[in-house]
Amino acid sequence: MNRRPMAAEKRRKGASMSDQFDPALSRRRFLALTSAGGAALLLAACSSSHSASTAASTNGAAPSTPTGGSPLGPASSAPTGLKYTGPAVTLAFWNGFTGGDEPFIKKVVDQFNSTNPNINVKMNVYQWADFFQKLPAAVTSGNGPDVAAMHIDDIPTQAAQNVIIPIDDVAAALNLTADSFAPAVWQGGIYKGKRFGIPLDVHPLVYYYNKKVMTQGGLDPSKPPTTMDDYMAALEQLKGKGIQGHWMSPFQFTGGFTAQSLVWQFGGDLFDSGFTKATWDSDQAIQAVTWCVDLVKKGYSPKNVGQDADYVAFKNNKNAFNWNGIWQVNDLAATPGMEWGAMAIPHLGSQGGAWGNSHQMVIPRSLHADKNKQDAARYFISWLGSNSLEWAKSGKVPASKEVRDSAAFQALEPEATIAKDLAEVHFPPSVAGIDDALGQFYDAVNQAVLLKADPASVLKSTAAKATQIMQDNAKKYG
């Protein structure tokens, strides 16, 4: 994912936009589960050198990484207990990992190819808009990729349109459960009771603080404010020093994500439990968007902040606080003279809550299924999950609990600190066409923050429009 992986690329214009494999698996059960897809995926013999990581768990929890081990260490050539034993195949792997994360996915794929001589993964990287334009047509014509990556909110629509196929066999054969991941991101790969995605990562909204600007404003740079009272007091103090501390973006990136996060923190939600209507006309949502608007009205933020201007100002030491994606960590680390920190977004409401998304691995439908390629694709997906540390270095949190718990990831900062609050991250609903409805919420935030509409009225009107879109989509997708 580049810094704004879907920004100005998808129809929602600005959308930017997480796998431990339990080895407690009998040979008989595995072969039974994979027989329909071919016998090329077999259990590998477990050597004594891997006994610490391959011992069966009695409670289904992820075993810990052996002392001194690394998910990308010498033993990374195969997921625990599995290997591909079929003939040599070439897999086409499509994704939208452009920009700063492209070198990382290339490195991971190169490592896979070097350690799996019978599988040659050839990667095609597109802008996300091009990816979703090309993929359905390629699948329909029989020229689609063998494996692909996409965001959690794209899975339901692609599944409903028969572009991707269920991969419950992968999850079952590897004994993957919600305990191996964050439950919400695990659930996100399911559409209508079938699993279509295996989580690779999580990329949440993050709280960045500029230590240099905090010092200039008389704040302690080692103690960024994390409660509503402290946050507002800090903004007022910064204002007294002539510093607008939190530039409020009116765009989905990142104002829309900020507003969503606060809706959850204030106890509300964007949709009802059955996903039949939008509920962001609630008191909690009005409170959330009003807070965003008040940043502008009270002078803590300039008016009419341009797309990404909030982040540019942060890098240029013009503001103190920026809520942005975890994917910014490498860019900030590479910026000369930056003095900054990052953590999960503060609790301004009565509970935690942060917007997040996830890249998940999927298998596109094939008109002329090659069982060996299908087996190799499933193996590649499983390998990526258990070897996701290098990918995490691109500015992600591994979906795999085992990788997150490893010493190697715990040494990766600020990602490891951010990962501690993963349970508070909310993901887009697993509903086909949900982005069409969410676009109405982002439009409401845009109009309100630009002071073009009253929060309550614009949230009410857009919620009504979104509800109609959801009803239409229910008929369209079934």
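These numbers were taken from a predicted model, which means no experiment stands behind them.

Another point: the environment of Asp168. With respect to the helices and strands, Asp168 occurs in helix α6 (residues 168–173). Sequence separation between Asp168 and Gly193 is 25 residues; the distance between their C-alpha atoms is 9.9 Å. Residues within four places of Asp168 in sequence aside, it is in contact with Lys194 and Arg195. Of the polar contacts made by the side chain of Asp168, one reaches the backbone nitrogen of Arg195; its length is 3.0 Å.

In this section: the packing of helix α19 (residues 434–449) against helix α20 (residues 455–477). The interhelical angle for the contact between α19 and α20, taken along N-to-C directions, is 170 degrees, at an axis separation of 8 Å. The pairing of α19 with α20 is recorded here as roughly antiparallel in orientation. On α20, the residues that touch Ile434, Asp436, Ala437, Gln440, Phe441, Ala444, Gln447 and Ala448 of α19 are Pro455, Val458, Leu459, Thr462, Lys465, Ala466, Ile469, Met470 and Asn473.

This part is about α20. End to end, α20 covers 32 Å across 23 residues, agreeing with the expected 33 Å (1.5 Å per residue, within 8%). Every buried residue belonging to α20 is among Pro455, Val458, Leu459, Thr462, Ala463, Ala466, Thr467, Met470, Asn473 and Tyr477, and all of these are buried. Sitting at the head of α20, Asp454 places a side-chain oxygen 3.2 Å from the backbone nitrogen of Ala456. In the stretch just after α20, Gly478 is the one whose phi turns positive, near 85 degrees.

Moving on to the nonpolar core. If you look at soluble globular proteins, the nonpolar side chains tend to sit buried side by side. Within the largest apolar cluster, 79 residues are counted, with the highest numbers of intra-cluster contacts made by Phe93, Ile119, Phe131, Met361 and Phe380. With seven residues, the single largest contributor to this core is helix α14 (residues 371–386). Not counting the four nearest positions on each side in its chain, Ile119 is found in contact with Tyr84, Val89, Leu91, Phe112, Asn113, Ala376 and Tyr379. Membership of the second largest hydrophobic core comes to 54 residues, among which are Tyr207, Tyr231, Val445 and Ala448.

With five of its five residues buried, strand β5 (residues 147–151) lies for the most part within the structure. What you see with β5 is no split at all: Val147, Ala149 and His151 on one side and Ala148 and Met150 on the other are buried throughout. Sheet analysis places β5 next to strand β13 (residues 359–362), joined by four bridges and oriented antiparallel. Along β13, the bridge assignment pairs Met150 with Gln360.

Moving on, we come to the pairing of strand β4 (residues 119–125). In this sheet, β4 lies alongside strand β3 (residues 89–95) in parallel orientation, the contact comprising seven bridges. Bridge pairing in β4 places Leu91 opposite Val121. The parallel pair β3 and β4, bridged by helix α3 (residues 102–115), forms a crossover whose chirality is right-handed.

Moving on, we get to the environment of Asp370. One can find Asp370 in the loop between β13 and α14. Asp370 sits in the partly exposed class, given a relative accessible area of 33%. Remark: the alpha-carbon pair of Asp370 and Val89, spanning 281 residues in sequence, is separated by 9.8 Å.

Our focus in this paragraph is the packing of aromatic side chains. Inspection of every chain in the model, using the stated rule, returns 30 aromatic pairs. Judged by centre distance (5.1 Å) and plane angle (65 degrees), the rings of Trp94 and Tyr126 are edge-to-face. With Trp94 in strand β3 and Tyr126 in the loop between β4 and α4 (128–141), this pair connects stretches of sequence that are 32 residues apart. Each member of the pair Trp94 and Tyr126 is classed as buried. Judged by centre distance (5.3 Å) and plane angle (75 degrees), the ring pair of Trp128 and Phe131 falls under edge-to-face. Taken together, the positions of Trp128 and Phe131, both in helix α4 and three residues apart, correspond to about one turn of that helix. Accessibility assignment for this pair places Trp128 and Phe131 in one class, buried. Linked through ring pairs, Phe253, Phe257, Phe271, Phe275, Trp280, Trp327, Trp355, Phe441 and Tyr442 together constitute an aromatic cluster.

Rules and cut-offs
- Residues numbered from 1 in each chain as written.
- Predicted model: local features only at pLDDT ≥ 70, side-chain atom pairs only at ≥ 80, totals over all residues.
- Heavy atoms only, no water.
- Helix = DSSP H or I, 4+ residues; strand = E, 2+ residues; numbered from the N terminus.
- Contact = heavy atoms within 4.5 Å.
- Polar contact = N/O pair within 3.5 Å; in protein donor to acceptor, adjacent residues only side chain to side chain.
- Axes fitted to C-alpha atoms, helices over the stretch in contact; angles between N-to-C directions.
- Parallel < 35°, antiparallel > 145°, perpendicular 65-115°, else oblique.
- Expected span 1.5 Å × (residues − 1).
- Buried < 20%, exposed > 50% of the residue type's maximum accessible area, 1.4 Å probe, protein only.
- Core = buried A, V, L, I, M, F, W, Y, C linked by side-chain atoms within 4.5 Å.
- Pairing = 2+ DSSP bridges.
- Right-handed = clockwise from strand over helix to strand, strands pointing away.
- Phe/Tyr/Trp six-rings, centres within 6.5 Å; stacked < 30°, edge-to-face > 60°.

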